[in-house]
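Spelled out, the chains give:
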Amino acid sequence: MKRLGFVLLVAAAFALVVAPALAAPPKGKHYASMLVMVDPETGEIDASPACLSFTRGGEMCTEFDDCGTWEFVAKRGHQNEWRGTLEFVNEDGTNVKAALRGVTERAGTGNSIAATVLATLDGVAVNAAIAGTRVSRSACLEFGLSED
């Protein structure tokens, strides 16, 4: 009986150590978000709708199918920290490189997301932020592609 108790104790301790390392939200989720940044040319604040989708294979994509990678960093209570990168040429021909550091919140009835972004637009560094909520893929794409 002592041996069984010891085995169960070791198994429980192992589960406590391994479980947070295996958790990797936001994989397989889609977030209707707002991207807020300062326009480097005018100094005005721009806010635009966006859709961020995270695949189970470690890919993060926008509503325009501009994709990069993301990785799980840490689990802290109801929050999961992650980081990601995107690199693409936007519709204006601007080379965009973005490094994101984000958190997803799993408390409540749905998931929310927030991230800080260091974007380089044709060599000019710009800080930005993203905040949003989890929705279906179709709702995310509809929101991200909307003009409002």
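Reading guide: rules and limits
- Residues numbered from 1 in each chain as written.
- Predicted model: local features only at pLDDT ≥ 70, side-chain atom pairs only at ≥ 80, totals over all residues.
- Heavy atoms only, no water.
- Pairing = 2+ DSSP bridges.
- Helix = DSSP H or I, 4+ residues; strand = E, 2+ residues; numbered from the N terminus.
- pLDDT = per-residue confidence, 0-100.
- Contact = heavy atoms within 4.5 Å.
- Phe/Tyr/Trp six-rings, centres within 6.5 Å; stacked < 30°, edge-to-face > 60°.
- Disulfide = S-S within 2.5 Å.
- Buried < 20%, exposed > 50% of the residue type's maximum accessible area, 1.4 Å probe, protein only.

## Description of the pairing of strand E2 (residues 45-54)
Piece 1. In the sheet, strand E1 (residues 29-38) pairs with E2 via 10 bridges, with the strands oriented antiparallel. The residue bridging Val38 from the neighbouring strand is Ile45, located in E2.
Piece 2. Where E1 folds back onto E2 in an antiparallel hairpin, the turn is made up of six residues, including Gly43, whose phi is positive at roughly 80°.
Piece 3. Following E2, the chain reverses through four residues before pairing antiparallel with strand E3 (residues 59-61); Gly58 in that reversal takes a positive phi of roughly 90°.

## Things to note about the confidence of the model for the chain
Piece 1. Residues with a pLDDT of 70 or more make up 82% of the chain, whose mean pLDDT is 82.
Piece 2. When mean pLDDT is compared element by element in the chain, helix H2 (residues 137-145) scores highest at 96, while helix H1 (residues 2-22) scores lowest at 34.
Piece 3. This model gives residues 1-24 a pLDDT under 50, and the stretch forms nine contacts once residues within four places in sequence are excluded.

## Observations regarding the packing of aromatic side chains
Piece 1. Counted according to the given criterion, the structure contains three aromatic pairs.
Piece 2. Consider the rings of Phe54 and Trp70, whose centres lie 5.6 Å apart with planes at 85°: the pair is edge-to-face. With Phe54 in strand E2 and Trp70 in strand E4 (residues 67-76), this pair connects stretches of sequence that are 16 residues apart.
Piece 3. Centroid distance Phe54 to Trp82: 5.0 Å. Interplanar angle 75°. Geometry classified as edge-to-face. With Phe54 in strand E2 and Trp82 in strand E5 (residues 79-89), this residue pair connects regions lying 28 residues apart in the sequence.
Piece 4. Members of the aromatic cluster, joined through ring pairs, are Tyr31, Phe54, Trp70 and Trp82.

## Digging into the state of the cysteines
Piece 1. In this structure the tally under the stated criterion is two disulfides.
Piece 2. Put simply, Cys51 and Cys140 are joined by a disulfide, and their sulfur atoms are 2.0 Å apart. When the S-S torsion is 115°, as for the bridge of Cys51 with Cys140, the disulfide is right-handed. On the criterion of sequence distance, the pair formed by Cys51 in strand E2 and Cys140 in helix H2 is long-range, its members being 89 residues apart.
Piece 3. For Cys51, a relative accessible area of 1% puts it in the buried group.
Piece 4. On the basis of relative accessibility, which here comes to 0%, the residue Cys140 falls in the buried class.

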